Amino acid sequence: MSEQDKLNERLAQLKSEHRDLDDAIQALSQRGVPDMIQIQRLKKRKLFLRDEIIKIESRLLPDIIA
């Protein structure tokens, strides 16, 4: 498996987890009394994942010098 294949696989995993966190945050927010601490933790994890996704995407897409 090449480096690019590994990055693509990891990217797919991160995006899937990011979507799952979106769903979890949405579900917690709709409760009668939402657990704001848990929501904040999930949001922090989601931001971390987004940063990782951006790093991997930048490694997969070469910089274009204009």
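For the structure itself, consult the block above.
So, how was this worked out
Residues numbered from 1 in each chain as written. Predicted model: local features only at pLDDT ≥ 70, side-chain atom pairs only at ≥ 80, totals over all residues. Heavy atoms only, no water. Helix = DSSP H or I, 4+ residues; strand = E, 2+ residues; numbered from the N terminus. Rg over C-alpha atoms; globule rule 2.2 N^0.38 Å. Buried < 20%, exposed > 50% of the residue type's maximum accessible area, 1.4 Å probe, protein only. Areas by Shrake-Rupley, 256 points an atom, 1.4 Å probe, with all protein chains shown as cover. Lys, Arg positive; Asp, Glu negative; His and termini not counted. Charge placed at Lys NZ, Arg CZ, Asp CG, Glu CD. Expected span 1.5 Å × (residues − 1). Contact = heavy atoms within 4.5 Å. Core = buried A, V, L, I, M, F, W, Y, C linked by side-chain atoms within 4.5 Å.

Enquirer: Would you take a moment to explain the overall build of the protein chain for this structure?
Expert: Across its full length, the protein chain holds two helices and zero strands. Relative to the compact-globule value of 11 Å for 66 residues, the protein chain shows a C-alpha radius of gyration of 16 Å, a clear excess of over 25%. Taking all 66 residues of the protein chain together, 20% fall into the buried category. As presented, the protein chain carries roughly 5,400 Å² of accessible surface, and 53% of it is formed by carbon and sulfur atoms. Positive and negative charge centroids in the protein chain, built from 13 and 12 side chains respectively, lie 5 Å apart.

Enquirer: Is there a simple way to think about the environment of Gln4 in this case?
Expert: Relative to the assigned elements, Gln4 resides in helix α1 (residues 3-29). Judged by relative accessible area, which is 46%, Gln4 ranks as partly exposed. Linking Gln4 and Ile56, residues 52 residues apart in sequence, is a C-alpha distance of 9.8 Å.

Enquirer: I keep staring at α1 and nothing clicks. Help me out?
Expert: The α-helix winds at 3.6 residues per turn, so residues separated by three or four positions along the chain end up facing the same way. Across its 27 residues, α1 extends 39 Å between first and last C-alpha, which sits within 8% of the 39 Å expected from 1.5 Å per residue. Restricting attention to buried positions, one finds in α1 the residues Leu7, Leu11, Leu14, His18, Leu21, Ile25 and Leu28. Tucked inside the fold, the buried residues of α1 contact α2 (36-60).

Enquirer: What am I meant to see in the nonpolar core here?
Expert: Nonpolar side chains in soluble globular proteins tend to be buried together. Membership of the largest hydrophobic core is limited to 12 residues, which are Leu7, Leu11, Leu14, Leu21, Ile25, Leu28, Ile39, Leu42, Leu49, Ile53, Ile56 and Leu60. For this core, the secondary structure elements donating two or more residues are α1 and α2. Setting aside residues no more than four positions away along its own chain, Ile56 makes contact with Leu7, Arg10, Leu11 and Leu14.

From the geometry alone we can't say anything about function, so treat these as descriptive.
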